[in-house]
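In case you want the letters, here they are:
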Amino acid sequence: MTRDRTTAEPTAAEATAAEAAGIEVRPAAGHIGAEIHGVDLAGGLDAAQVAAVRAAVLRWKVVFFRDQRLDHAGHVAFARLFGDPIVLPRRGKASPAGHPEIETTADRLELGGRFGIKHDEWLRRRRHTLLRGWHCDHGARVDPPAATILRAETVPPYGGDTTWSNLAAAYAGLTAPMRAFVDGLRAEHRLGVGYQPRPGDDAYVRHLLDHQTATVHPLVRVHPETGERLLFVNGYYVEQIAGLSRPESTAILELLLEQATRPEYTVRFRWEPGSVAFWDNRATIHLAPSDNAHLDHPRTMHRVMLAGDVPAGVDGTRSAAVVGSAPGRW
């Protein structure tokens, strides 16, 4: 039996572990997010520190470190303490050649640029509703990453914040009849859902057709480490709830996504150079910034993702790939 981890206060065991490791965990919001102080990520972590950071990630879903001096090698070494870094077969030109585990983003999204779409148009076509931008990383895969570690190199003096939401708190906040209803449902997650094509030939649509990725995931996922039930929805990938009509599915998904992104379940982080965010990709969705595209300030971030498992639902049934992915194969 696991305790209700949506409550704000840490357990005595968690507090003792942090104290033993010589670190301080400062909660940032009532349901999600904490800053960790007293640890130098570049200097290496001992076993007690690794255990305390892992416990904080599981408890708070996303943790933040300030004023770190990680280089690419140190970033990968830190990630290896918590899992197996994923090596992506395709990365943008800005990503470091000598570190295949790292994906680098610049101040303008590379993906749109590859297909001749300017950043502001990309956002309009990809995020044409208020909730569309919320996502977990690679949620259309059969084995989404377990965690992501994002490091800030250059950030604008204002704008560019990232927001995360706690999917365990969102599930717990549903009424009992609604929880019972969604526990047994499954939904298809597909790459490119909701993208509004450009008139005429659209290179990105052709890319999506050539690289389709889709998986049927449980609508409620059970966390493999904490046992929490998670409302497994997001705005980027979810296509339709299996077994429901299109109108029924649309209405239910909108309700659940609104539930998942209620302000009380979220935390917003102001990046600084040297900031690091480490989040549980199984238990959160996040919203990348869209308020800095018009600003003449660079935003360069480096990301490492950790390999994840195939999600399991309340009844133990695991996700099933439809097309485009297989466990452990990137």
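Treat the numbers as computed from the prediction; the structure is a model and nothing was measured. (Residues numbered from 1 in each chain as written. Predicted model: local features only at pLDDT ≥ 70, side-chain atom pairs only at ≥ 80, totals over all residues. Heavy atoms only, no water.)

Student: Could you clarify how one ought to interpret the pairing of strand β13 (residues 276–280) in this entry?
Tutor: Along a regular strand, successive side chains alternate from one face of the sheet to the other. With 5 of its 5 residues buried, β13 lies for the most part within the structure. Burial along β13 is two-sided: the face carrying Val276, Phe278 and Asp280 and the face carrying Ala277 and Trp279 are both buried. Here strand β3 (residues 62–65) pairs with β13 via 4 bridges, running antiparallel. Across the sheet, valine 63 pairs through a bridge with phenylalanine 278, a residue of β13. Sheet topology places strand β5 (residues 147–154) next to β13; 5 bridges connect them, and they run antiparallel. Its bridge partner being in β13, arginine 151 is matched across the sheet by valine 276. (Buried < 20%, exposed > 50% of the residue type's maximum accessible area, 1.4 Å probe, protein only. Helix = DSSP H or I, 4+ residues; strand = E, 2+ residues; numbered from the N terminus. Pairing = 2+ DSSP bridges.)

Student: Can you walk me through the environment of glycine 83 in this structure?
Tutor: Along the chain, glycine 83 falls in the loop between α3 (72–80) and β4 (103–105). The exposure class assigned to glycine 83 is partly exposed, which follows from its relative accessible area of 24%. Taking the C-alpha atoms as reference points, glycine 83 and leucine 208, separated by 125 residues in sequence, lie 30 Å from one another.

Student: Explain the sheet that holds β13 to me, please; I cannot follow it from the model alone.
Tutor: Hydrogen bonds between backbone atoms are what pair the strands of a sheet, whose relative direction is either parallel or antiparallel. The mixed open sheet is built from 7 strands, whose spatial order is β1-β2-β3-β13-β5-β15-β4. Because the sheet does not close on itself, it has two edges, and the strands there are β1 (24–27) and β4. The mean angle between the axes of side-by-side strands here comes to 25 degrees, regardless of whether they run parallel or antiparallel. Its contacts with the sheet place α3 against β3, β5, β13 and β15 (300–306), and it is angled at close to 30 degrees to β15. (Axes fitted to C-alpha atoms, helices over the stretch in contact; angles between N-to-C directions. Contact = heavy atoms within 4.5 Å.)

Student: What exactly am I supposed to notice about the confidence of the model for the protein chain here?
Tutor: Per-residue confidence for the protein chain gives a mean pLDDT of 90, with 92% of residues at or over 70. Across residues 1–7, confidence stays below pLDDT 50; counting only partners more than four residues off in sequence or on other chains, it has 16 contacts. (pLDDT = per-residue confidence, 0-100.)

Student: Honestly, the pairing of strand β6 (residues 162–166) in this entry has me stumped. Any pointers?
Tutor: Counting buried residues along β6, 5 of its 5 residues qualify, which places the element largely inside the surrounding structure. Of the two faces of β6, the one holding Thr162, Trp164 and Asn166 and the one holding Thr163 and Ser165 are both buried throughout. The pairing of β6 with strand β12 (residues 266–269) spans 4 bridges and is antiparallel. Opposite threonine 163, over in β12, you have arginine 268 as the bridge partner. In this sheet, strand β14 (residues 284–287) lies alongside β6 in antiparallel orientation, the contact comprising 4 bridges. From the neighbouring strand, threonine 163 faces β14, where its bridge partner is leucine 287.

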